[in-house]
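Now for the letters of each chain:
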Amino acid sequence: PYLFDTQYSFDSSLFFYNRERDDFDEGRQGGTFGFGQRFGDVWSGRIGFRAEKVDISDVDVNAPTDISSVEGESLITSIGATLTRSTVDSRLNPSKGSVASVGLWQIGAMGGDYEFTKLTFEFSKFWTVDEDFMGRKTTLAFKSKLGYILQDDEAPIFERFFAGGHRSFRGFKYRGVGPYGTKIGGGDTDESIGGDWMFLVGLEYSIPVYQESVRWVFFTDTGTVQDDFGFDEYRVSIGTGLRLQVPFLGQAPFAFDFAIPVLKQDKDDEEIFSFDIALPF
């Protein structure tokens, strides 16, 4: 984070993986690198570069046309910039302050098979509601995430926005929220194909139960993923859960949540129970 003991940072990654989905397999291999700079104690910026090869294979005959149309290998490149402002008092267990981040990514800036512009915005705010005589804090967290692809029908399915799962929308399975595709010969499917517009907002109330190791939370997740800007297909879920912190397994607590959708769309894929690492943002 402090390259040569300066306020500049450098990061890089190489990756290779293959995911076997219901209607197709998705393989990716590539890398990223970026340079960043801090501007005082609150602001920071980063410029990043990405190049990867995406291989869509073993496409089912009943898969949506959005999948079959990108079967084979594709090259994705991008150049992007993010600007972040953070005033939280802790990276893993914040009790006050906020984090805001805005990003702009140009896919195809260094060549490749696709060209479009992606905008993202995230904002999280944390409050201390109460503090007991042992110093344990009851907190309230507000979290939001927005994403928008400026060009219509230019982004392939593997570059669109999805929602569902513990880290985005509890009460629904991974990628269980969003527009659904149609078959080559006609007819609808229950396969989510992602959208060009994403809007997610949630609240979480966290109460200490035992020391700092166990917390009880109540939450609501709301939002939508759609083809175009709008709120016509809005969803809402409510739930409760536990946060369990095990010191020798790391500082981030484990999350065990039960959530029930109270507003959903017909083909959404529900998931009542989920568990994951409880990252604050």
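Every chain is numbered on its own, with residues counted from 1 as its sequence reads. It should be noted that, the model being predicted, local features are given only for residues of pLDDT at least 70 and side-chain atom pairs only at 80 or more, the latter also being counted only at that level, while totals for whole chains, interfaces and linings use all residues. Values reported for side chains reflect all heavy atoms of the structure, with hydrogen atoms and water molecules removed beforehand.

A. Focus on the environment of Gly164. Runs of E in the DSSP output that reach at least two residues are strands. Runs of H or I that reach at least four are helices, and both are numbered from the N terminus. The residue Gly164 is located in the loop between β7 (137-149) and β8 (171-172) in this model. Judged by its relative accessible area of 7%, Gly164 is buried. Between the C-alpha atom of Gly164 and that of Ser13, which follows or precedes it by 151 residues, the distance is 26 Å. Exposure categories follow from relative accessible area, calculated using a 1.4 Å probe and restricted to protein chains: below 20% of the type maximum is buried, above 50% is exposed, and the middle band is partly exposed.

B. Spotlight on the environment of Thr139. Inspection of the secondary structure puts Thr139 in strand β7. Residues Thr139 and Phe126, 13 residues apart in the sequence, show an inter-C-alpha distance of 7.0 Å. Contacts: residue pairs with any heavy atoms within 4.5 Å of one another. Setting aside chain neighbours within four positions, we find Thr139 in contact with Pro94, Ser95, Trp127, Val129, Glu204, Tyr205, Ser206 and Arg215.

C. Structural detail: the sheet that holds strand β3 (residues 43-57). A pair of strands is labelled paired if DSSP reports no fewer than 2 bridges between them. Read from one edge of the open sheet, 12 strands run β1-β2-β3-β4-β5-β6-β7-β11-β12-β13-β14-β16, paired in antiparallel fashion. The sheet is open, and its two edges are formed by β1 (8-20) and β16 (273-277), each paired on a single side. On average, adjacent strands in this sheet sit at an angle of 20° to one another, irrespective of strand direction. Angles run from 0 to 180 degrees between N-to-C directions of axes, and those axes are lines fitted to C-alpha atoms, restricted for helices to the stretch in contact.

D. Summary view of the nonpolar core. By size, the foremost hydrophobic cluster in this structure holds 24 residues, and its most contacted members are Ile56, Val59, Ile67, Ile157, Phe158, Ala163 and Phe169. Those elements giving two or more residues to this core turn out to be β3 and β11 (197-210). Residues contacting Phe169, with those up to four places away along its chain left out, are Ala163, Gly164, Val177, Leu200, Asp221, Thr222, Gly223, Arg235, Val236 and Ser237. Only buried residues count toward a nonpolar core. Its members are Ala, Val, Leu, Ile, Met, Phe, Trp, Tyr and Cys residues joined through side-chain atoms within 4.5 Å.

E. Structural detail: the packing of aromatic side chains. Each Phe, Tyr or Trp ring (for Trp, its six-membered ring) is paired with any other whose centre lies within 6.5 Å, and the angle between the two planes then decides the class: stacked below 30 degrees, edge-to-face above 60, tilted in between. In total, this model carries 19 aromatic pairs according to the counting rule given. Here the aromatic rings of Phe33 and Phe49 are separated by 4.9 Å at their centres, their planes lie at 20°, and the arrangement is stacked. Here Phe49 lies in strand β3 and Phe33 lies in strand β2 (residues 25-39), a separation of 16 residues in the sequence. Judged by relative accessible area, which is 37%, Phe33 ranks as partly exposed. Residue Phe49 is classed as partly exposed on the basis of its relative accessible area, which comes to 22%. One aromatic cluster is present, formed by Tyr148, Trp197, Phe199, Phe229, Phe231 and Tyr234 through successive ring pairs. The ring of Phe161 carries the charged tip of Lys118 above its face, separated from the ring centre by 5.3 Å. In this structure, Arg175 packs its charged tip against the face of Phe162, placed 3.8 Å from the ring centre. Two conditions define a charge located above a ring, namely a distance within 6 Å from the ring centre to NZ of Lys or CZ of Arg, and an angle within 35 degrees of the ring normal.

F. Geometry of the pattern of salt bridges. Think of a salt bridge as a Lys or Arg side-chain nitrogen and an Asp or Glu carboxyl oxygen that are within 4 Å of each other. Counted by the stated rule, this structure contains 19 salt bridges. Residue Lys53 is joined to Glu73 by a salt bridge in which the shortest nitrogen-to-oxygen separation is 3.6 Å. Of this pair, Lys53 sits in strand β3 while Glu73 is found in strand β4 (residues 72-86), placing the two residues 20 residues apart along the sequence. When its relative accessible area of 30% is taken as the criterion, Lys53 is described as partly exposed.

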